[in-house]
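Chain by chain, the residues run as shown.
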Amino acid sequence: MSARIKWQGIIDRARDIVDGYDGGVTVRQVMYRLVCAGLLPNTAPTYRRLSSQLAQARRDGLFPDLIDTIREVHVPPAWPDADAFKADMPQWFRLDRTRGQEWALCVAAEKDTLRQLLTGWLAEYGIPVLVVRGFGSQSYADVVRERMRSDSRPTALLYLGDFDASGSDIERDWVKRTDCWERVERVLLTDEQVREYQLPPAEGKRDDPRWPRFAHRYGFDIDRPVQWEVEALEPAELKRLVLETVDTYIDRQILAQVMAEEEQQRGRLAGILGQRHDG
């Protein structure tokens with residue numbers, strides 16, 4: 001099938017998809033969107049061909065940069081000299097922006113492709129972002145549980161994951177093993193959203209042992225496994241749904257007070273360092 005694909009048109013559509021995101025995007029996310037638009041089959045060979053085509057377009061200077069969450073270069077922060085570090089210090093200062101809020105809130109994503117989007121969208125709020133990555137390690141679950149139980153406030157988890165048999169069970173498993181949430185909300189992706197946005201299904205995994213129960217629960221054909229990727233949603237709508245849910249837990253007045261104090265503290269720090277602060 002890949003030989004019949006008109007790749008120039010696919011690359012043009014992929015460029016429009018990347019330009020539509022407020023922040024970085026991965027090849028996998030682009031693939032999901034193209035599959036949902038009916039432009040590519042959801043197969044491993046097609047994904048590899050798409051990755052190759054987009055890589056060549058980037059080398060030719062005809063395509064924007066993409067994120068590779070697996071092959072990032074992790075460079076420790078560094079400055080050319082002490083004066084440069086001193087100049088940057090005030091902007092590095094940050095208060096806990098969740099201070100004074102009623103809920104101790106976390107947002108969890110099933111996979112790493114959503115991490116950079118979420119951290120950008122939620123930076124203003126100072127809300128922790130968790131990446132579950134499938135059936136995550138118990139050590140990670142322990143770290144999260146200890147962090148949340150050390151907070152005196154009621155805890156809430158907002159969860160983002162694919163709508164499929166394994167995705168549903170990953171959420172259940174994560175909530176059970178962390179065992180620290182007083183409220184859990186699945187923001188994305190739900191059966192209702194799949195129907196509301198008329199998202200086209202991708203072929204599911206036939207060997208997934210969780211599929212029969214999932215199919216029975218939602219009334220799907222047990223002989224035709226299907227799944228929906230959370231990235232199938234338009235990025236603007238995905239962002240709207242996340243922030244709309246987060247806002248129900250945030251007191252904006254308290255947040256503004258903390259941010260104002262943060263700016264005052266930065267000004268104080270700049271004064272100590274003998275700098276002018278224009279915040």
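Preceding this section is the structure that the text describes.
Rules and cut-offs
Residues numbered from 1 in each chain as written. Predicted model: local features only at pLDDT ≥ 70, side-chain atom pairs only at ≥ 80, totals over all residues. Heavy atoms only, no water. Salt bridge = Lys/Arg side-chain N within 4 Å of Asp/Glu carboxyl O. Helix = DSSP H or I, 4+ residues; strand = E, 2+ residues; numbered from the N terminus. Buried < 20%, exposed > 50% of the residue type's maximum accessible area, 1.4 Å probe, protein only. Core = buried A, V, L, I, M, F, W, Y, C linked by side-chain atoms within 4.5 Å. Contact = heavy atoms within 4.5 Å. Pairing = 2+ DSSP bridges. Axes fitted to C-alpha atoms, helices over the stretch in contact; angles between N-to-C directions. 1 Å grid on protein atoms, 1.4 Å probe; cavity = no way out; pocket = protein on both sides within 12 Å on 5 of 7 lines; lining within 4 Å. Points joined across faces, edges and corners; volume = space filled by probe spheres on them. Nonpolar A, V, L, I, M, F, W, Y, C, P; charged D, E, K, R; others polar. Right-handed = clockwise from strand over helix to strand, strands pointing away. Phe/Tyr/Trp six-rings, centres within 6.5 Å; stacked < 30°, edge-to-face > 60°.

Comments concerning the pattern of salt bridges
Under the counting rule described, the total for this entry stands at 25 salt bridges. Salt-bridge contacts for Asp208 lead to Arg210; the nearest nitrogen and oxygen are separated by 3.5 Å. Across the pair Arg266 and Glu262 runs a salt bridge, and its minimum N-O distance is 3.4 Å. Separated by 4 residues within a single helix, Arg266 and Glu262 lie in helix α11 (residues 252-272), roughly one turn from each other. The pair Arg266 / Glu262 is uniform in exposure class, with both members buried. Taken together, the salt bridges that share partners define one network made up of Arg97, Glu262, Glu263 and Arg266.

Overview of the environment of Asp173
One can find Asp173 in helix α7 (residues 165-178). For Asp173 and Phe135, which are 38 residues apart along the polypeptide, the C-alpha to C-alpha distance reads 7.1 Å.

Digging into the nonpolar core
Of all hydrophobic cores here, the largest spans 60 residues; its most connected members are Val30, Leu40, Leu118, Leu188, Leu189, Val242 and Val246. Here Leu40 is in contact with Ile5, Trp7, Ile10, Met31, Leu34, Val35, Thr46 and Leu50, once residues within four sequence places are set aside. Among the nonpolar cores identified, the runner-up in size contains 14 residues, and Ala141, Tyr159, Trp174 and Cys180 belong to it.

Section: the side chain of Thr98
Residue position: Thr98 is located in the loop between α4 (82-92) and β1 (104-109). Owing to a relative accessible area of 12%, Thr98 belongs among the buried residues under this scheme. In contact with Thr98, other than residues within four places in its own chain, are Tyr125, Gly126, Ile127 and Arg153.

Structural notes on the sheet that holds β1
Paired through their backbone hydrogen bonds, the strands of a sheet run either parallel or antiparallel. Here 4 strands make up an open sheet; going across it, the order is β2-β1-β3-β4 and the pairing parallel. The open sheet has two edge strands, β2 (129-131) and β4 (183-188), and neither has a second partner. Neighbouring strand axes in the sheet, compared pairwise and without regard to direction, differ in orientation by 25° on average. Two strands pair when backbone bridges link them, and strand β3 (residues 155-160) and β4 are joined in this way by 5 bridges, in the parallel orientation. Within β4, the position partnered with Tyr159 by the bridge is Arg186. In the packing of helix α6 (residues 138-149) onto the sheet, contacts are made with β1, β2 and β3, and the angle to β2 comes to roughly 160°. Contacts from α7 reach β2, β3 and β4 within the one sheet, and its direction differs from that of β3 by about 160°.

Quick notes on empty space enclosed by the protein
Any space left empty among the atoms is revealed by the rolling of a water-sized probe across them. Across all of its chains, the model carries 1 cavity of 30 Å³ or more by this definition. Of the volumes computed, that of the largest cavity is approximately 50 Å³. Along its surface, the largest cavity is lined by Tyr32, Val35, Cys36, Asn42, Pro200, Pro201, Ala202, Gln227, Trp228 and Glu229. Here the residues of the lining of the largest cavity are counted per class, giving 7 nonpolar, 2 polar and 1 charged.

Some points on unusual backbone geometry
In this structure, Leu189 follows Leu188 across a cis peptide bond, with omega equal to -10°. For Asp179, which is not glycine, the phi dihedral falls at a positive 50°. Within the secondary structure, Asp179 sits in the loop between α7 and β4. The residue Gln198 is not glycine, and still its phi comes out positive at about 50°. Mapped onto the elements of the fold, Gln198 is located in the loop between α8 (191-196) and β5 (202-203).

Here's the deal with the pairing of β3
With respect to burial, β3 is a largely interior element, 6 of its 6 residues being buried. Taking every second residue as pointing to the same face, both faces of β3 are buried, with Thr155, Leu157 and Tyr159 on one and Ala156, Leu158 and Leu160 on the other. Considered for its hand, the β-α-β crossover made up of β3, α7 and β4 is right-handed.

Re the packing of aromatic side chains
According to the stated counting rule, one finds 14 aromatic pairs in the structure shown. Relative to Tyr218, the ring of Phe214 lies with its centre 4.9 Å away and its plane at 55°, an arrangement referred to as tilted. Taken as a pair, Phe214 and Tyr218 lie in helix α9 (residues 211-218) at a separation of 4 residues, close to a single helical turn. Each member of the pair, Phe214 together with Tyr218, is buried.

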